[in-house]
Structure formats: structure tokens, C-alpha cells
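Summary of structural features
Here is what each chain is made of, one letter per residue.
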Amino acid sequence: MVRTRSYDEAEVLTGAMHAFRRKGYYGVSIPELEVATGLSAGSIYNSFGDKNGIFLAAFERYLTGVLERRVAEHAKPASGLSGLRKLFLSLLREPDGETFGCLITNSAIEFGTDGNAAADVVLRGFKILERVFVERLEAAKESRKLKSGVDAKVAAVRLLALYQGVLVLVRGGYGLRMVRRAIDLEFDGLKGGSRDA
């Protein structure tokens with residue numbers, strides 16, 4: 001007989017996600033995951049197979065529950081460059097004053113490109129962001145709000161590098177005023193002749 005899960009999976013994965021954001025994959029122990037998720041070690045293994053399994057499930061939760069939600073909130077398809085700027089500025093104000101950083105960024109630093117499943121989901125996170133940047137830049141180009149001669153694909157990679165850098169600086173406690181200024185300078189440099197709404 002198959003036992004049904006008697007817990008809220010979204011809540012469990014959110015707890016695990018925050019634990020991994022705070023301490024990294026290798027820094028989080030199973031007892032700490034028990035506290036973060038409210039599950040026993042046995043339930044974690046039964047439901048997710050092992051620590052890597054719950055990490056990957058929590059990472060998926062991060063991509064949909066944090067990253068995609070943040071994009072939808074700040075950089076809607078019709079929002080153009082101003083939406084992208086708002087997305088970047090939103091990185092300076094983590095909910096509840098947290099400075100745990102981005103699970104994608106933190107995991108990229110922790111795992112590198114060692115070819116494991118974690119490295120694959122990190123790359124997927126980068127690709128989600130890059131795609132959003134390209135789409136918004138192309139839309140700005142079509143509406144003549146992107147500076148003439150800007151290659152949207154190259155600019156998207158540059159924005160991806162800035163996005164990740166902002167997250168590292170924020171987590172490291174760097175002065176937010178200067179980070180904000182760098183974001184504004186980048187987007188001011190992308191603007192075309194007509195003002196982006």
C-alpha cells in the first residue's frame with residue numbers, strides 16, 4: 001500500500017530552499033534539514049531519496065517560486081527596459097531584510113561546472129534569466145527604446161553578469177548605494193532616443 005504524504009510539499013521545499021541559500025549544499029546537514037523542513041530524516045529520504053534529491057527539488061521550487069515570480073512581478077513582457085531595471089533594483093531589497101543571496105548564484109560558486117545534476121540546474125537558472133533579458137531587450141529594440149547598435153544577445157550576457165555580481169555584492173554587504181548607481185548607469189547606457197516607459 002502506498003502511503004500518502006502528510007505534509008505540505010511547498011512549505012517543506014521552501015524551508016529546504018532557505019537552508020541551502022543560507023549555508024550552501026555542503027554546509028547543510030540532515031539534522032538542519034529536519035529543522036528547516038519539519039520532516040524527520042526518514043521522511044526526507046523516503047520522499048526525496050537523499051540530500052541531493054531534496055536539494056534538486058528545492059532548487060526547482062526556487063526557480064518557480066522565487067525567480068519566475070520575481071520576473072513576473074518586476075519585468076513583465078511589456079515593461080521593456082524599465083521593467084528590467086526594476087528587476088535589478090529589486091535585488092537590493094530582499095524580503096525581511098535577508099541577505100542569503102540567490103540559490104542560483106550561491107550554487108554556481110559552490111559547484112562550479114563539475115557536471116553533476118546541481119551544475120545542470122544552475123545553468124538552467126542562468127538560461128531562464130538570459131532568455132528574459134534577450135526578450136525584453138528585443139522588445140525594447142522593436143519599440144526603438146534600446147540604444148541603436150546594441151546586440152540584444154550580447155547585452156543579455158552582460159546583464160546576466162551584472163545580475164549575478166549584484167547578488168554577490170549584496171550578500172557580501174557591499175554598499176547598496178554604489179550598487180544601485182552601477183545598475184542605473186548600465187540601464188541609462190542601454191536607453192535609446194525615446195524614453196522607456
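Before reading on, note that the structure itself is shown above.
These numbers were taken from a predicted model, which means no experiment stands behind them.

Description of the packing of helix 1 (residues 9–23) against helix 4 (residues 51–74)
Axis separation between helix 1 and helix 4 bottoms out at 8 Å; the angle between their running directions is 100°. Judged by the angle between their axes, helix 1 and helix 4 are roughly perpendicular. Contacts between helix 1 and helix 4 involve Ala10, Leu13, Thr14, Ala16, Met17, Phe20 and Arg21 on the former and, on the latter, Lys51, Ile54, Phe55, Ala57, Ala58, Arg61, Tyr62 and Val66. Tallied by class, the residues present in the contact of helix 1 with helix 4 amount to 11 nonpolar, 1 polar and 3 charged.

Quick word on the side chain of Arg21
One can find Arg21 in helix 1. A relative accessible area of 5% places Arg21 in the buried class.

A closer look at a nonpolar patch on the surface
A contiguous nonpolar surface patch, about 320 Å² in accessible area, is contributed by Leu169, Tyr174 and Met178. By the secondary structure assignment, Leu169 is in helix 8 (residues 152–171). Relative accessible area serves as the criterion here: at 34%, Leu169 is assigned to the partly exposed category.

A few points about the packing of aromatic side chains
Scanning the entire structure with this criterion turns up 12 aromatic pairs. Ring geometry for Phe20 and Tyr25: centres 6.0 Å apart, planes at 15°, overall stacked. What makes Phe20 buried here is its relative accessible area of 1%. On the basis of an interplanar angle of 80° and a centroid distance of 5.2 Å, the ring pair of Tyr25 and Phe55 is categorised as edge-to-face. Placement of Tyr25 in the loop between helix 1 and helix 2 (30–37) and of Phe55 in helix 4 is noted, with a sequence separation of 30 residues between them.

About the thresholds
- Residues numbered from 1 in each chain as written.
- Predicted model: local features only at pLDDT ≥ 70, side-chain atom pairs only at ≥ 80, totals over all residues.
- Heavy atoms only, no water.
- Axes fitted to C-alpha atoms, helices over the stretch in contact; angles between N-to-C directions.
- Helix = DSSP H or I, 4+ residues; strand = E, 2+ residues; numbered from the N terminus.
- Parallel < 35°, antiparallel > 145°, perpendicular 65-115°, else oblique.
- Contact = heavy atoms within 4.5 Å.
- Nonpolar A, V, L, I, M, F, W, Y, C, P; charged D, E, K, R; others polar.
- Buried < 20%, exposed > 50% of the residue type's maximum accessible area, 1.4 Å probe, protein only.
- Patch = residues over 30% accessible without salt bridge, like charges linked within 9 Å, V, L, I, M, F, W, Y side chains within 5 Å.
- Areas by Shrake-Rupley, 256 points an atom, 1.4 Å probe, with all protein chains shown as cover.
- Salt bridge = Lys/Arg side-chain N within 4 Å of Asp/Glu carboxyl O.
- Phe/Tyr/Trp six-rings, centres within 6.5 Å; stacked < 30°, edge-to-face > 60°.

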